[in-house]
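# Secondary and tertiary structure notes
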Amino acid sequence: MCLFFVSAGSLLVFMGRKASFIRMTASNAGIFGTVLNLYSKNHEEGVKKKMSSDLLEYVELTQTEISQLDTAQTVFLMSVSPIEVHGYHLPVGTDVFIAEELLGRYAKVLREKHPDLSLVKLPPLYVGSDALPSLGSLSVRATALEKILIDYGKGLAKQGFRYLFIADNHGGPRHQLAIAKASAVLWKKHRFYLIDPFNLVFRRMVQHDEELFERTGLGPGNCGDDPDSHAGTNETSLMLASCPQKVRENYSELDPSLPAEHTGGAKLVLALARSLMKVGAKQAGRDLEHLANTLAWVSSNPMKPYMGDPKLASAKNGEAMLNYRLEEAIKLFDRALQGEPVQIKPMLWNLRVLRFLPE
Ligand SMILES: [Zn+2]
């Protein structure tokens, strides 16, 4: 497969160079030149046609080719997630691998629904905050992630583009807050859409949304909620559906990793969460409860590098979750393409100041 892409790429480069050479010589070459000019024109039209029908790779385009894109009709797609330890059975690129699968599905549906759009893929951004504090994770502070996204968005907005749709599979609180903040800044300053559907769906997974359960057939403990939050049933299922060859065989032999006891800071945060719920601030309380559960796990000793029960995973469950996430993403993208503002407030949005805490 790789060999094919290398060969096809080299051929395109060769054809491109040949076309330029032909253009230069054909202008002085009479009838022979006319024939060659025709060849050159057909080649250019072929390139243009290709640009409107495929998922283009931004880094493969020249400045000229980028300038030929219709800015109002071009959608950029990019995966954003950290390099993070995912148990003993999934690779550290897991979140990006799942995101890339989702991105491919986004592109397929967008292509079918909106044939006039040009779809351009940016290389995956292996950057994310609040990665599991375990040797092997490469976590990046939230403010750095935020700035990268703002600068990417600004760079696209300066050229007149309007849409950057994100595929993401990371539930770290500051990761989500940083992306949402970048999205808000880009909207305010440039009327540019940076949309990360996971910031919406993740809350539903954690807080047991009934409609999500109905549509996926999933439920508490296998939907990526707190007891299944990391490399457990849900994420292993997503990997079995996305790239089964990357799942190590030991996944079916691992013991479940169970929720940890709340001690120290986690206990305090849980007490605060419960007080908020008692006085009617239900949403804020539930968000804090999630933070307390996460803190309890990452401060447990020894901390298992996964949370949940990987051996219950199945490609069927992963497929159900991917489909749900795809449908919800397309709804948001359609709203953006119709010109509606789309701002998602992820969990703990009221505590977005947490972004400034060091990793
Ligand atoms: Zn993950």
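The sections below set out a description of the structure shown in this document. (Residues numbered from 1 in each chain as written. Predicted model: local features only at pLDDT ≥ 70, side-chain atom pairs only at ≥ 80, totals over all residues.)

A cis amide bond links N301 with the next residue in sequence, P302, at an omega value of 0°. Note that P302 resides in the loop between α11 (282–298) and α12 (315–337). A positive phi angle, near 50°, is found at R191, a position not held by glycine. Structurally, R191 can be placed in the loop between α6 (173–190) and β5 (193–195). The exposed category is assigned to R191, around which 11 C-beta atoms lie within 10 Å. Even without being glycine, L348 reaches a positive phi, approximately 65°. In this structure, L348 sits in the segment after α12. Exposure remark for L348: the 19 C-beta atoms within 10 Å place this residue in the partly exposed category. (Helix = DSSP H or I, 4+ residues; strand = E, 2+ residues; numbered from the N terminus. Buried ≥ 20, exposed ≤ 12 C-beta atoms within 10 Å, placed from the backbone.)

Of all the six residues making up strand β2 (residues 74–79), six are buried; the element is thus mostly covered by neighbouring parts of the structure. Burial of β2 is two-sided: the residues T74, F76 and M78 facing one way and the residues V75, L77 and S79 facing the other way are all buried. As paired strands, β2 and strand β3 (residues 118–121) are joined by four bridges and run parallel to one another. Looking at β3, one finds that V75 is bridged to L119. One crossover worth recording links β2 to the parallel β3 by way of helix α4 (residues 94–113), and it is right-handed. Inspection of the sheet shows β2 paired to strand β4 (residues 163–167) by five bridges, in the parallel sense. Directly across from S79, in β4, lies its bridge partner A167. (Pairing = 2+ DSSP bridges. Right-handed = clockwise from strand over helix to strand, strands pointing away.)

This is a description of form; function is not addressed.
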